[in-house]
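Structural characterization, general
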Amino acid sequence: MSVDPQNALQRSPLYRALAVHGAVTWTELPGGAVAERVGTANAGGLAIVDLSPLPRLGFKGRETLAAMQARGVVVENKPNRAFRQPDGGLCLVLAASEVMLLGPLTGDGTRLAALEAEWDIDAGVRTYPLPRRDSHAWFAVAGAAAPEMFAKLCGVDLRLAHFPDLAVAQTSVARLNAVVVRADEGGRPVFHLLADSAAAIYLLDCLVDAAQEFGGRIAGRALLGALATGEYG
Amino acid sequence: MKIMVCPLNGPRNITEFVCGGDVKAVPDPAACSDAEWTDYLFIEDNIAGEVDEWWLHTPSNTWFIARRNTLTDEILATMTVADYFDSKRSAADAVAGAGGAA
């Protein structure tokens, strides 16, 4: 059932922009409303999905990786690699002293909330949480043409053979500092893109413009679910 | 576009980087004179030749050291801060060791 995103306590920085791009069906999550479907037609070779209402969290500090492992996060000291978590989320290793945790696409934020709540400055562990949900907008770009589209916006070679599943690039996308991670769903390439939330509308415009020649358009979270289960052809 | 190699992230466009100035020894602010502190903060050697500089890869907020020729603007090497100061320390130890033996 669709809800009104304006009634949610938190909103995606893009909720108005998404409405402009077509009829949006919203699903309420604990942290806000996520666009489940945008428009009625299936996305072509390329789909841009706003995942900004989904939970995410960062940790930084010299003992971050050991602290994450002690709390059951699947992670190794491999900067610019991501690790899939048992709950379906991702742990991105940005440096030997920094990780970014992306919640599962279901929007279940209990594990990340627990990690944040367990953190105690008096424990003396040299790591501290970063509220990435407030600082970064989160897009997913799905489709085989995604590397070609990113080539117009970004200097890093994201071709599927050169940028494997779970690779991370911290680089400039459309002149914004951004984190790009490839995390395939159901064998189909999906690139997650995280960048300054204050520039989210600008970035959405850039992505839509770049995707146009590949038949791309904005889609809802349901498309990623359909990719994962193989329902999307 | 000019390419710089970040020690953490690999080759990237030069527009992703910001120069942080020469690597200089920090004087003890409690013990040094005003002139020494002013020299550290504001006065640059402006060397025409090879210099060691602080650089920042802004998307990942990674500070590192680059050796650059200021005449040709050629980047000769980039290294992590730990590697740079480890190599400086072992070079200083080698000099001290040679001095002790003489």
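Reading the values: rules and limits
- Along each chain, residues carry numbers from 1 onward, in the same order as the chain's sequence is written.
- Going through the entries in the order they are written, you letter the chains from A and number the ligands from 1.
- Note on the predicted model: pLDDT of at least 70 is required for a residue's local features to be given, and 80 or more for side-chain atom pairs to be given and counted; whole-chain, interface and lining totals, by contrast, use all residues.
- Working from all heavy atoms in the structure, the side-chain values ignore hydrogens and water.
- At least two DSSP bridges between two strands are required for those strands to pair.
- Helix and strand definitions follow DSSP, with helices as H or I runs of at least four residues and strands as E runs of at least two, each counted in order from the N terminus.
- Between N-to-C directions, angles cover 0 to 180 degrees, with each direction set by a line fitted to C-alpha atoms, over the stretch in contact for helices.
- Only heavy atoms enter the contact rule, under which two residues are in contact if any of them lie within 4.5 Å.
- Buried residues are those whose accessible area, probed at 1.4 Å on protein chains only, stays under 20% of the maximum for their type, while exposed residues exceed 50% and partly exposed ones sit between those limits.
- A 3.5 Å cut-off defines polar contacts: any pair of N or O atoms within that distance qualifies, except that in protein one atom must be a possible hydrogen donor and the other a possible acceptor, and neighbouring residues in sequence count only when both atoms are side-chain atoms.
- Patch criteria: residues need more than 30% relative accessible area and no salt bridge. Like-charged residues are merged within 9 Å; nonpolar side chains of Val, Leu, Ile, Met, Phe, Trp and Tyr are merged within 5 Å.
- All accessible-area figures derive from a Shrake-Rupley calculation using a 1.4 Å probe, and residue coverage is judged against the displayed protein chains alone.
- Salt bridges, as used here, are contacts in which a Lys or Arg side-chain nitrogen is within 4 Å of a carboxyl oxygen on Asp or Glu.
- By convention here, the domain bounds are inherited from an automatic or database domain assignment.
- Throughout, the accessible surface (probe 1.4 Å) given up by two parts as they are put together, summed over both, is called the buried area.
- Residues belong to a common nonpolar core when they are buried Ala, Val, Leu, Ile, Met, Phe, Trp, Tyr or Cys residues joined through side-chain atoms within 4.5 Å.

The name an unreviewed UniProt entry assigns to chain B is Sarcosine oxidase subunit delta, from the organism Chelatococcus reniformis.

Looking at an unreviewed UniProt entry, one finds chain A named Sarcosine oxidase, with Chelatococcus reniformis as its source organism.

1. Digging into the sheet that holds strand β4 (residues 56–60) of chain A
All names here are of chain A. Pairing is antiparallel across the open sheet formed by five strands, whose spatial order is β5-β6-β7-β4-β8. With one partner strand each, in any of the chains shown, β5 (81–84) and β8 (128–130) form the two edges of the open sheet. Going across the sheet, the axis of each strand differs from the next one's by a mean of 25 degrees, ignoring polarity. Of the strand pairs in this sheet, strand β6 (residues 90–95) and strand β7 (residues 98–102) are connected by five bridges, and their pairing is antiparallel. The residue of β7 that forms the bridge with leucine 92 is methionine 100. Along the sheet, helix α3 (residues 110–118) makes contact with β4 and β7, crossing β4 at roughly 35 degrees.

2. Overview of the environment of serine 52 of chain A
Residues and elements named next belong to chain A. Checked against the element boundaries, serine 52 lands in the loop between β3 (47–50) and β4. In this structure serine 52 comes out as buried when scored by relative accessible area, which is 4%. Non-local contacts of serine 52, meaning those with residues more than four positions away in its chain, are made with Ser12, Pro13, Arg133, Ala137 and Trp138. Side-chain polar atoms of serine 52 contact the side chain of aspartate 50, separated by 2.7 Å.

3. Digging into a nonpolar patch on the surface
All names here are of chain B. A contiguous nonpolar surface patch, about 320 Å² in accessible area, is contributed by Leu41, Phe42 and Ile43. Structurally, phenylalanine 42 is set in helix α1 (residues 34–42). By relative accessible area, which is 62% here, phenylalanine 42 ends up exposed.

4. Regarding the domain arrangement of chain A
Accessible area lost when the parts come together is the quantity often used to give the size of an interface. All names here are of chain A. Annotation of chain A at the domain level lists domain 1 (5–53 + 134–229) and domain 2 (56–132). On a C-alpha basis, the centres of domain 1 and domain 2 stand 22 Å from each other. Residue-level contacts link 24 residues of domain 1 with 16 residues of domain 2. The contact between domain 1 and domain 2 buries some 1,800 Å² in all, and 56% of this surface belongs to carbon and sulfur atoms. Considering only the surface of domain 1 that becomes buried against domain 2, Trp138, Leu166 and Val168 emerge as the three largest contributors, covering 31% of it. At the junction of domain 1 with domain 2, the criterion picks out one salt bridge. The residue aspartate 165 makes a salt bridge to arginine 84 at a minimum N-O spacing of 3.1 Å.

5. Some thoughts on the nonpolar core
Residues and elements named next belong to chain A. One finds Phe139, Met149, Phe150, Val173, Leu193 and Leu203 to be the most contacted residues of the largest nonpolar core, which totals 44 residues. With eight residues, helix α6 (residues 200–211) is the largest single contributor of residues to this core. Ignoring any residue separated from it by four or fewer positions in sequence, one finds leucine 193 in contact with Ala137, Trp138, Phe139, Phe150, Val173, Ala178, Val179, Val180, Leu203 and Leu207. Membership of the second largest hydrophobic core comes to 27 residues, among which are Val34, Ala47, Ala183 and Val190.

6. A short note on unusual backbone geometry
Generally, phi is negative for residues other than glycine and the peptide bonds are trans, each holding for most cases. Residues and elements named next belong to chain B. We note that asparagine 46 has phi near 55 degrees; this positive angle belongs to a residue other than glycine. Tracing the backbone through its elements, the reader meets asparagine 46 in the loop between α1 and β4 (50–57). A positive phi is found at asparagine 61, a non-glycine position, where the angle reads about 55 degrees. Note that asparagine 61 resides in the loop between β4 and β5 (62–69).

7. Some points on the sheet that holds β3 of chain A
All names here are of chain A. Ordered by their spatial adjacency, six strands build an open sheet running β10-β11-β12-β9-β3-β13, and the pairing between neighbours is mixed. In this open sheet, the two edge strands, each paired with only one partner strand, are β10 (168–173) and β13 (217–219). Here the strands of the sheet are splayed against their neighbours by 30 degrees on average, with no regard to which way each runs. Sitting on the sheet, α6 touches β3, β9 (136–142), β10, β11 (176–182), β12 (190–196) and β13, and the angle it makes with β9 is about 15 degrees. In the packing of helix α7 (residues 221–229) onto the sheet, contacts are made with β3, β9, β12 and β13, and the angle to β9 comes to roughly 50 degrees.

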